[in-house]
Amino acid sequence: MLGMALAALDGTVVSTAVPQIVGDLGGLSVFSWLFSGYLLAVTVTLPVYGKLSDTFGRKPVLISGIVLFLIGSVLCASAWDMYSLIAFRVVQGLGGGALQGTVQTIAADLYPLKERPRIQARLSSVWATAAVAGPAAGGLLAGYADWRWIFLVNLPVGAAALWLINRYLVEPGRPLGDGGGNGSGADAGSGSGSDAGAASDGTRPRTRPRPRVSVDWAGALAIFGTGTLLLTALVQGGVAWPWFSAPSLGLFGGAAALGALTVLIERRAAEPIIPGWVWRRRTIAAVNLALGALGLLMVAPTVFLPTYAQAVLGLGPIAAGFVLSAMTLSWPVTAALSNRVYTRIGFRLTAVLGMTGALLILLAFPLLPFPGEPWQPALLMLLLGGALGFFQLPLIVGVQSTVPYEERGTTTASVLFVRQVGQSVGAALFGAVANGVLAARLGAESGDLDGLVRSLETPGSLTGQAADHLRRAVDAAVDYVYLGAAAAAALALLALLTLAPRRFPVLKEQQDGQDELDGQGGQDERSGARPAG
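The model shown is predicted, which means the values in this text are computed figures rather than measured ones.

Each value, and the rule that gives it
- Think of each chain on its own: its residues are numbered from 1, step by step along the sequence as written.
- pLDDT decides what is reported in this predicted model: residues at 70 or higher carry local features, side-chain atom pairs at 80 or more are listed and counted, and totals for whole chains, interfaces and linings draw on all residues regardless.
- With hydrogens and water set aside, each side-chain value is computed from the structure's full complement of heavy atoms.
- What counts as a helix is a DSSP run of H or I of at least four residues, what counts as a strand is a run of E of at least two, and both are numbered from the N terminus.
- To estimate the expected span of a helix, count its residues, drop one, and scale the result by 1.5 Å.
- Three exposure classes are used, based on accessible area relative to the maximum for each residue type with a 1.4 Å probe and protein chains only: buried under 20%, partly exposed in between, and exposed over 50%.
- In what follows, a contact means two residues having at least one pair of non-hydrogen atoms within 4.5 Å.
- Bend angle per residue: angle between axes fitted to the 7 residues ending at that residue and the 7 residues starting there.
- We define a polar contact as two N or O atoms separated by no more than 3.5 Å, with the added condition that, inside protein, one atom must be a possible hydrogen donor and the other a possible acceptor, whereas residues neighbouring each other in sequence contribute only through side-chain atom pairs.
- For this analysis, a ring pair means two rings from Phe, Tyr or Trp (six-membered ring only for Trp) whose centres lie within 6.5 Å, classed as stacked if their planes differ by under 30 degrees, edge-to-face if by over 60, and tilted for the remaining angles.
- In this analysis the charged atom, NZ for Lys or CZ for Arg, is taken to sit over a ring once it is within 6 Å of the ring centre and within 35 degrees of the ring normal.
- Note on definitions: salt bridges are taken to be side-chain nitrogens of Lys or Arg within 4 Å of carboxyl oxygens of Asp or Glu.
- Simply put, an axis is a line fit to the C-alpha atoms, just over the touching stretch for a helix, and the angle between two N-to-C directions goes from 0 to 180 degrees.
- In what follows, roughly perpendicular refers to angles from 65 to 115 degrees, roughly parallel to angles under 35, roughly antiparallel to angles over 145, and oblique to any angle outside these ranges.
- Each crossing gets its handedness from the near helix: less than a right angle anticlockwise from the far helix is left-handed, clockwise is right-handed.
- Any residue that is not Ala, Val, Leu, Ile, Met, Phe, Trp, Tyr, Cys, Pro, Asp, Glu, Lys or Arg is counted as polar, Gly included; the first ten are nonpolar and the last four charged.
- We define the nonpolar core as a collection of buried residues of types Ala, Val, Leu, Ile, Met, Phe, Trp, Tyr and Cys that are connected through side-chain atoms lying within 4.5 Å of one another.

**Observations concerning helix α10 (residues 246–268)**
Between the first and last C-alpha of α10 there are 33 Å, a value that for 23 residues agrees with the 33 Å anticipated at 1.5 Å per step. Buried within α10 are the following residues: S248, L251, A255, G259, T262 and E266. For α10, the secondary structure elements touched by its buried residues are α9 (217–236).

Structure (structure tokens):
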């Protein structure tokens, strides 16, 4: 949890210190890359770290990620200008990618199926706490000490995490067999006890060190390059340059070319970073698409709700943050309770019910009165967090339970990677939607959404009638964004209902925490897999 706290606190702490950082280092025109650069590095490294954790184990990957994150923190604290700080934030992100994916995978390794919601809910509570405490901590450090301390405070937290991991984390032994996960569809065995690595007498399976395997470094570099070009195009398009300008077209074209090269490299690799079975197995493919849609819809509350609260409701930045934080309060609670639901009705149906509730809540947002009261969107966010708690966690727990140890890191990283890409796509798509609505409502007066918010926050810069006109335009823009988020929720439901099997093919878990394929019961996707949950 301390390792996860490093990644969770990082973005929220930095966000409130931006004025002090810009005042000291300059670089106002490029400061957004403090966040974009970190996000890019985290996203593109998730699949690489997932495969490395399956190959070399979770512990060395997690320790390496924390060390790299702390090195990046020290470098950020010593930055001499904005460009050096952005470069060092990328170094932080290279370590942050290991933290996000590997911690989730370790939770699945160490805890049996019935206990995972409680553990995952605790991890979710770390993010919830960071969303509330991070901005306050960043503001205090930047205002009463120095902005460099927002990076230096990572050192004692990271040192404690390293000590605890090194001393207490013991990974489960790898079963006998190559465990290569080559994606054959029955790659973990055919249902016999010996193929699954379990002794016939029910004792703990014999283990041995995993044989040395080659690492697909060419594939890793190709994935890194493809992801960097694609996410840069999505993050900067419509902001730093027009969508149909030469930089945007060049980045998208380069991403497409590198993507085609990546597919060729991965097909020929003995141990590909992103194996083909990630998309050939219905369960994993459906969860990937559903969580990609979740990333898409999450842009509406996380990016546009604070703007709505400030521009339409007239709240300050801190109060606007509390409106959003209502979602982070209910999410961990329902996530922790979700096992009582999916153990009875299954993973897919639980997620479908959660996303159906989220769809209705997102459709309700445009029905809020203008200008309304702050408790109204806060209540919707409280309900939305509760609905999404029943959606995300059952899918992650469910998909992790369908694969053995040697494929779990890759599987977990794939769903987190697709969710992050969905969020980047959502930011670009919904940003274009909002700006289009503003242009239609305001005509030549329109600017970008942030510029309008700044105009509304400047006393005396607008007449009462002009301010009301702008507020109504912002309200309409955010309403359309929420309708787009509702469409993303519908896509998530479509992926689950058409692609996901009715019952996930869960591996039978033994008392000692090892995975053994259950040769009894129906079969789905994997020979011998039990379609339970």
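**Some details on helix α3 (residues 33–56)**
Between the first and last C-alpha of α3 there are 32 Å, a value that for 24 residues agrees with the 34 Å anticipated at 1.5 Å per step. For α3, the principal kink sits at L46 and spans about 40°; a proline, P47, occurs within the next four residues. Within two residues after α3, G57 carries a phi angle of roughly 105°, on the positive side.

**Some points on the side chain of N154**
Structurally, N154 can be placed in helix α8 (residues 154–168). Here the side chain of N154 touches S73 through a polar contact of 3.1 Å, side chain to side chain.

**Re the packing of aromatic side chains**
Enumeration according to the criterion identifies seven aromatic pairs in this entry. Aromatic side chains W147 and F151 sit 6.3 Å apart centroid to centroid with 90° between the ring planes, which places their arrangement in the edge-to-face category. When its relative accessible area of 1% is taken as the criterion, F151 is described as buried. With 6.0 Å between their ring centres and 85° between their planes, W163 and Y168 make a pair best called edge-to-face. Classification of Y168 as exposed rests on a relative accessible area of 52%. By the ring-pair criterion, three or more aromatic residues cluster together here, those being Y308, F365 and Y482. Positioned over the ring face of Y405 is R58, at 4.0 Å from the centre of the ring.

**Here we look at the pattern of salt bridges**
In total, this model carries six salt bridges according to the counting rule given. For K51, the salt bridge goes to E271, with nearest N and O atoms at 2.9 Å. Highlighted residues: K51 in helix α3 and E271 in the loop between α10 and α11 (277–280), separated in sequence by 220 residues. Comparing K51 with E271 shows no difference in burial state: the two are buried. In this structure, a network of salt bridges that share partners links the residues D54, R58, D109 and R408.

**Looking at the environment of Y38**
Within the secondary structure layout, Y38 lies in helix α3. A C-alpha to C-alpha distance of 4.9 Å links Y38 and V90, two positions 52 residues apart in sequence.

**With respect to the packing of helix α12 (residues 282–311) against helix α17 (residues 405–442)**
Where α12 contacts α17, the two axes come as close as 6 Å, and the packing angle between them is 40°. In terms of orientation, α12 and α17 fall into the oblique class. Taken as a pair, α12 and α17 cross one another with a handedness that is right-handed. Of the residues that constitute the contact of α12 with α17, the class distribution is 13 nonpolar, nine polar and one charged.

**Structural notes on the environment of L221**
Summarising the element assignment, L221 is placed in helix α9. Residues L221 and T45, 176 residues apart in the sequence, show an inter-C-alpha distance of 9.7 Å.

**Some details on unusual backbone geometry**
A cis amide bond links F370 to the next residue, P371, at an omega of -5°. Here P371 shows up in the loop between α15 (347–364) and α16 (375–400).

**Description of the packing of α12 against α16**
It is the contact of α12 with α16, at a shortest axis distance of 11 Å, that shows an interaxial angle of 160°. With respect to their mutual orientation, α12 and α16 come out roughly antiparallel. Read as a crossing pair, α12 and α16 show a hand that is left-handed. Across from T283, I284, V287, A290, L291, L294, L297, M298, P301, L305 and Y308 in α12, the residues of α16 making contact are P377, M381, L384, L388, F391, Q392, L395, I396 and V399. Grouping the constituent residues of the contact of α12 with α16 by class yields 18 nonpolar, two polar and no charged.

**Thoughts on the nonpolar core**
Grouped together as the largest cluster of nonpolar side chains are 82 residues, with contacts concentrated most on L297, M355, L388, F391 and L395. Breaking this core down by element, the ones donating at least two residues are α11, α12, α13 (317–337), α15, α16, α17 and α19 (464–498). Element by element, the count of residues in this core is highest for α12, at 17 residues. In this view, L395 contacts V287, A290, L291, A351, L496 and F504; residues no more than four positions away in its chain are not counted. Within the second largest apolar cluster, 25 residues are counted, among which are V14, W33, L40 and L234.

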